[in-house]
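# Inside the fold
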Amino acid sequence: MKAWRQTSPVRRGKPGAGWELLLILAALITLAGCQGISVASKQPTTTNGPVNSSTKNAALFGLHVQSVSTPWPTIGFGAFRIFSDLNPGIARWAQINKENGTYDFTLLDTWLAELYAHGVTNVVYTVSQVPKWASSNPTDTACDFATSPPVYGGCDLPTDLNPDGSGSDATYINFVTALAQHVNDPTYLQTHAHIQYWEPWNEWYRNNIVDTSPQVFISVRATYAQMVRMTEDARCIIAGTGSINGVPCTASAIDPSAKIVSPSNGGQNCCGSPMVFQNFLYCNGTGPNAPIPGSDCSTGSRGSDAVDIINTHFYEALGLPPENLARNVGQYTKLLRPIDLAKPLWSTEGSWGNDSAVTDPDIQASWVARYYLIGWSSGLAQMYWFAYDSPHFGQLWTAGAGLNKAGVAYGETYNWIVGSTLTTPCSAAGTVWSCGFTLANGNAAEAIWDTSQTCLGGNCSTSNQNISSAWKSYQDLAGSNNAIPNGTVPVGIKPILLTSSAP
């Protein structure tokens, strides 16, 4: 979750009107320094029943739902991340562990029961927000979630974890242990979804100890040694493997099948994120990626050893086109060693960011489809959209109005990609992009769009493109199937899917 994000009146203690504009301006300044709702006319095919997360590519479509009161999404998705920046949200550390030694899992239980009931089997839990009672600076108002009601100090780690990674880390360990034991009880799992994936912290690069880039709100104040230690502790506690500060783990596994996801960074090659991403894994950054003084980057490749999945947050925000995602992914993968290139690459958050950056409903619909096509083509294994019901951030659904055009487009893109095989990576000939794939039914298909076209107020321009006679029809992002006459097709900024079958 970006430091400049504004999604509701109850966000991170942000001080009221005018704040959102200030944050956008601050983010624009930061980005510059780092470089050297309409309702759709047709609903998509719905997925109200169980979701088989093992279906090919289904897990690419991860989703965040922010509020427990939001009706279950009718669009298809194959993965879910338990994280929310709203209050009461989805059960952060501070929400579960409000007092030392006591745990309230009520909200988490509600979410996991709902996921189980709908057959969602691919679930990741992300740790965030130190409880006030455990915070080493409980009056710190610069932290994430310092919101109404005021909960300060959520970015300040407990005093039992030293900057060099030594110490008992008992406060974090006790929470992770209690949580993992609770959600892995065999009887509990008969009615609740299984959390297989664990992310030790959310967007930890927003951190003045490891990064000098200006941040509006801080996710955590932690050295590399502290974050690697927390990741090792989580791995040892839950999966029973790995080592801690070089000493082999001796704990009995709570869930031997559990996978550890690297703590998330940010995309756009900005704001210190690539530096933090690289040094968490290897502590080998040089030049602009060199660890800053005082960041205690003494862990070598222990970060890499502690994680099964490589992860960052690939937002293409502040008006950047989704095609930028391909370059962005490359900027991060070039930092990886072969052992980590072989691991799955995830984006546990992503979208166009604040809805003020992409305002036209048709452009939003276009953006969703292009983003997932480019991400699939770029090798991302899972992409968690943020967020389905967020009031102002990548919004796909609104209370009272239902799915907007972007939400419908998400559902249609899911239908195109799930079960399909990519045969030709997405590439551009001038401004016309295309990606070839084989559909689940074995038929060939091609997604195509033209970035020189645009939409305004419901009117979308197109360019006529000559295509192979093999293509007989095309599907659009509203779910319509149309015949192709005379070997030409109107191509706009909203992708269409060419198919070899008659409409």
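Residues numbered from 1 in each chain as written. Predicted model: local features only at pLDDT ≥ 70, side-chain atom pairs only at ≥ 80, totals over all residues. Heavy atoms only, no water.

## Let's talk about the overall build of the chain
Along the backbone of the chain there are 11 helices and 22 strands. Of all 503 residues assigned to the chain, the portion counted as buried reaches 58%. (Helix = DSSP H or I, 4+ residues; strand = E, 2+ residues; numbered from the N terminus. Buried < 20%, exposed > 50% of the residue type's maximum accessible area, 1.4 Å probe, protein only.)

## Digging into the packing of aromatic side chains
Per the counting criterion, the structure on display carries 30 aromatic pairs. On the basis of an interplanar angle of 70° and a centroid distance of 4.8 Å, the ring pair of Y197 and W346 is categorised as edge-to-face. In this pair, Y197 sits in strand β4 (residues 197-199) while W346 sits in strand β9 (residues 345-350), placing the two residues 149 residues apart along the sequence. The buried category is assigned to Y197, whose relative accessible area is 12%. (Phe/Tyr/Trp six-rings, centres within 6.5 Å; stacked < 30°, edge-to-face > 60°.)

## Brief notes about the pairing of strand β10 (residues 382-385)
Burial of the side chains of β10 extends over both faces: Q382 and Y384 are buried on one face and M383 and W385 on the other. When strand β1 (residues 61-63) meets β10, the two strands line up parallel, connected through three bridges. Across the sheet, G62 pairs through a bridge with Y384, a residue of β10. Here β9 pairs with β10 via three bridges, running parallel. When the sheet's bridge partners are listed, S347 is paired in β10 with M383. (Pairing = 2+ DSSP bridges.)

## Observations regarding the sheet that holds strand β19 (residues 473-475)
Note: strands within a sheet are paired through backbone hydrogen bonds, in either parallel or antiparallel orientation. Overall, antiparallel pairing links the six strands, which are arranged β13-β14-β15-β22-β19-β20 in an open sheet. The outermost strands of the open sheet, each flanked by one partner alone, are β13 (421-429) and β20 (481-483). In this sheet, neighbouring strand axes are inclined to one another by 25° on average, regardless of whether the strands run parallel or antiparallel. With six bridges connecting them, β13 and strand β14 (residues 432-438) associate as antiparallel partners. (Axes fitted to C-alpha atoms, helices over the stretch in contact; angles between N-to-C directions.)

## Digging into the confidence of the model for the chain
Averaged over every residue, the pLDDT of the chain is 88; the share at 70 or more is 88%. Scored below 50 in pLDDT, residues 1-52 shows 146 contacts in the model against residues more than four places distant or in partner chains. (pLDDT = per-residue confidence, 0-100. Contact = heavy atoms within 4.5 Å.)

## Regarding the nonpolar core
Ranked by internal contacts, the top residues of the largest apolar core, which has 108 residues, are L108, L112, Y125, W198, W385 and Y410. By residue number, the principal contributor to this core is helix α10 (residues 361-377), which donates 10 residues. Of all hydrophobic cores here, the second largest spans 10 residues; its members include V432, I448, V491 and I496. (Core = buried A, V, L, I, M, F, W, Y, C linked by side-chain atoms within 4.5 Å.)

## Quick notes on the sheet that holds β10
Strands sit in the order β7-β4-β3-β2-β1-β10-β9-β8 across an open sheet of eight strands; the sheet is parallel. One side of each edge strand has no neighbouring strand; the edge strands of this open sheet are β7 (259-260) and β8 (310-312). Against the sheet, helix α3 (residues 106-117) touches β2 (79-82) and β3 (123-126), its axis set at about 180° to β2.

## Quick notes on the pattern of salt bridges
Counted under the stated rule, the structure contains 13 salt bridges. Ionic pairing is found between R206 and D144, a salt bridge with its closest N-O pair at 2.9 Å. Remark: D144 occurs in the loop between β3 and α4 (170-183) and R206 occurs in the loop between β4 and α5 (224-239); sequence separation between them is 62 residues. With respect to burial, R206 and D144 carry one shared label: buried. One salt bridge connects K405 with D362, and the closest N-O pair in it is separated by 3.1 Å. Pair noted here: K405 is in helix α11 (residues 405-417) and D362 is in helix α10, with a separation of 43 residues, a long-range link. Residue classification places D362 among the buried positions, given a relative accessible area of 4%. Residues joined by salt bridges that share partners form a network here, namely R81, E199 and E349. (Salt bridge = Lys/Arg side-chain N within 4 Å of Asp/Glu carboxyl O.)

## Focus on unusual backbone geometry
With an omega of 0°, the peptide bond running from F386 to A387 counts as cis. Considering the arrangement of structural elements, one finds A387 in the loop between β10 and β11 (397-398). A positive phi angle, close to 65°, is found at F145, a residue other than glycine. Mapped onto the elements, F145 comes out in the loop between β3 and α4.

## Brief notes about the packing of α4 against α5
Running from N to C, α4 and α5 point in directions that differ by 35°, and their axes come no closer than 10 Å. Where α4 crosses over α5, the two elements pack in a sense that is right-handed. On the side of α4, the interface is formed by Y172, I173, V176, T177 and A180, while α5 contributes R229, M230, D233, A234, I237 and I238. In the contact of α4 with α5, the residues fall into eight nonpolar, one polar and two charged. (Left-handed = near helix turned anticlockwise from the far one by under 90°. Nonpolar A, V, L, I, M, F, W, Y, C, P; charged D, E, K, R; others polar.)

## What about the packing of α10 against α11?
Running from N to C, α10 and α11 point in directions that differ by 30°, and their axes come no closer than 8 Å. The angle between the axes of α10 and α11 places the two elements in the roughly parallel class. For the pair α10 and α11, the crossing hand works out as right-handed. Contact residues: α10 offers P361, D362, Q364, A365, V368, A369, Y372, L373 and W376, while α11 offers K405, A406, A409, Y410, T413 and I417. By residue class, the composition of the contact of α10 with α11 is 11 nonpolar, two polar and two charged. (Parallel < 35°, antiparallel > 145°, perpendicular 65-115°, else oblique.)

## Quick look at the state of the cysteines
On inspection of all chains with the given rule, the structure shows five disulfides. One disulfide bridge connects C236 with C249, the sulfur atoms lying 2.1 Å from each other. Between C236 and C249, the S-S dihedral sits near 80°, and the bridge is therefore right-handed. Highlighted residues: C236 in helix α5 and C249 in the loop between β6 (247-248) and β7, separated in sequence by 13 residues. Between the sulfur of C426 and that of C435 lies a disulfide, 2.0 Å long from S to S. The chirality of the disulfide connecting C426 with C435 is right-handed, given an S-S dihedral of about 100°. By the burial criterion, C426 is buried, and C435 matches it. (Disulfide = S-S within 2.5 Å.)

## Description of α5
Note that an α-helix has 3.6 residues per turn; residues three or four places apart therefore point the same way. With 16 residues, α5 ought to run about 22 Å at 1.5 Å a step, and its terminal C-alpha atoms sit 22 Å apart, in line with that. In terms of residue burial, α5 counts as a mostly covered element, since 16 of its 16 residues are buried. Residue T223 occupies the N-cap position of α5, its side-chain oxygen lying 3.4 Å from the main-chain nitrogen of A225. Looking one or two places after α5, you find G240, whose phi comes out positive at around 70°. (Expected span 1.5 Å × (residues − 1). Polar contact = N/O pair within 3.5 Å; in protein donor to acceptor, adjacent residues only side chain to side chain.)

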